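Descriptive structure summary
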Amino acid sequence: MATAPAAADPTTAREWAEEVRRLARSRDAVILAHNYQRPEIQDVADHTGDSLALSRLAAEVDASTIVFCGVHFMAETAKILAPQKTVLLPELAAGCSLADTITAEDVRAWRAEHPGAVVVAYVNTSAAVKAETDVCCTSSNAADVIRSIPEDREILFLPDQFLGAHVKRVTGRDNIHVWMGECHVHAGIDGHTLRERVAAEPDAELYVHPECGCATSALYLVGSGAVPEDRVKVLSTGGMLSAAEKSSASKVLIATETGMLHQLRAANPATAFEPVNPRAECHYMKMITADKLLATLRDGTGEIRVDDETAARARRSVERMVAIGTPSRGGE
Ligand code: 13P
Ligand code: SF4
């Protein structure tokens, strides 16, 4: 029986990957992995991508089972879009600190304070929260989703304050109310850390995920002339990958979860990709280990269930999200 890959033992790693592929075939399963997963999980998956790309794939793939290597809300989103499929998450405790900042009851109470407002939810929310909303978005289509809403309609944007500030900035709308949630990993990539890194690497380009606490500081650095505008990009993880493929920069500083570096370095070995904060690691994402993936494929454990009524209400919001924005690995 293959065991987990050890970096120092390529034979073990190869046997593990072969066993994963064999079990996936026998279970008629497709393996989807988010860009923040461990490198070996990204490499063994059928598809690795950002939240929007993985949602689109979940809705389209033929396989009867989806093994989702990501966090709970992502696997739930896959189940909402593909209710007839079995969706397995190798570790059901893989949650999200951002999704935990808001409940369905919170959304109902907020909506009651703003009758007539359109409720836009970042996909990093539970199925119960999505069921209370009008449309979902991811970091790669958030601005397009906002632009699809008539100018005169008030918007309640939840739950991420930094992504909310970003969409307000890029759409220029002042009738957006933002829930003050945050992801502990991205909030930790703050303005102070960013300014220090930029000062030490004045010639590097900068890719910033809009969930980051430093997104405003990055644009301030541009505004103050400290960094030229064409060297700073605010991007989803899929957008970072598309930009990396085309980049001729010698160095790019990356402000997001460190798992992203694996895809970026593989996409463009000529450019040095370095984290703004090397400690920005999501322990929920890293709960999906080689051993757990193998166990799920072998035993069918970690099945995601969403009750029919919640799923039907959440599906309207998620399907609107999937229909809006450029179909790609996700980049704005
Ligand atoms: P994207 O992959 O959509 O950029 O999302 C990042 C994220 O934080 C997922 O939890
Ligand atoms: Fe949630 Fe943040 Fe982890 Fe993404 S990085 S899954 S937003 S806790």
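Rules behind the numbers
Residues numbered from 1 in each chain as written. Chains lettered and ligands numbered in written order. Predicted model: local features only at pLDDT ≥ 70, side-chain atom pairs only at ≥ 80, totals over all residues. Heavy atoms only, no water. Axes fitted to C-alpha atoms, helices over the stretch in contact; angles between N-to-C directions. Helix = DSSP H or I, 4+ residues; strand = E, 2+ residues; numbered from the N terminus. Parallel < 35°, antiparallel > 145°, perpendicular 65-115°, else oblique. Left-handed = near helix turned anticlockwise from the far one by under 90°. Contact = heavy atoms within 4.5 Å. Nonpolar A, V, L, I, M, F, W, Y, C, P; charged D, E, K, R; others polar. 1 Å grid on protein atoms, 1.4 Å probe; cavity = no way out; pocket = protein on both sides within 12 Å on 5 of 7 lines; lining within 4 Å. Points joined across faces, edges and corners; volume = space filled by probe spheres on them. Near = heavy atom within 4 Å. Polar contact = N/O pair within 3.5 Å; in protein donor to acceptor, adjacent residues only side chain to side chain. Areas by Shrake-Rupley, 256 points an atom, 1.4 Å probe, with all protein chains shown as cover. Sits in = over half its atoms within 2 Å of the grid points.

**Let's talk about the packing of helix H10 (residues 191–200) against helix H11 (residues 215–223)**
Two elements in contact, H10 and H11, have axes separated by 8 Å at closest approach and are oriented at 45 degrees. With respect to H11, the element H10 is oriented oblique. In this structure, H10 crosses over H11, and the sense of that crossing is right-handed. Packed against H10, whose contacting residues are Gly191, Leu194, Arg195 and Val198, the element H11 presents Ser217, Ala218 and Leu221 at the interface. In terms of residue class, the contact of H10 with H11 is made up of four nonpolar, two polar and one charged.

**Quick notes on empty space enclosed by the protein**
Per the counting criterion, the structure on display carries two cavities of 30 Å³ or more. Of the pockets and cavities examined, the largest cavity occupies roughly 220 Å³. Tyr36, Met74, Asn124, Glu211 and Met285 are the residues nearest the centre of the largest cavity, which is lined by 28 residues in total. The set of elements that each furnish at least two residues to the lining of the largest cavity consists of helix H3 (51–60), helix H4 (72–81) and helix H9 (184–187). The greatest single-element share of the lining of the largest cavity, amounting to three residues, is contributed by H9. Residues of the lining of the largest cavity, tallied by class, amount to 12 nonpolar, 13 polar and three charged. Residue lining of the second largest cavity: Ser51, Leu54, Ser55, Phe68, Phe73, Met74, Thr77, Ala78 and Val123, and that is the complete set. Those elements that provide at least two residues to the lining of the second largest cavity are H3 and H4. In terms of residue count, the dominant contributor to the lining of the second largest cavity is H4 (four residues). The class makeup of the residues in the lining of the second largest cavity is six nonpolar, three polar and no charged.

**Describing the site of ligand 1**
In the region of ligand 1, 14 residues are neighbours, and His34, Ser51, Ser139, His209 and Thr237 sit closest. Within the side chain of His34, a nitrogen or oxygen atom sits 2.7 Å from an oxygen atom of ligand 1. Burial of ligand 1 by the protein chains amounts to 96% of its free accessible area of 310 Å². Placement of ligand 1 is best described as lying within the largest cavity. Looking at the shell around ligand 1 residue by residue, the classes come out as four nonpolar, eight polar and two charged.

**Regarding the site of ligand 2**
Ligand 2 sits among Tyr36, Val71, Cys96, Ser97, Asn124, Cys183, His184, His186, Glu211, Cys282 and Met285. When atom positions are compared with the pocket grids, ligand 2 is found to occupy the largest cavity. Classifying every residue of the shell around ligand 2 by side-chain character gives six nonpolar, four polar and one charged.

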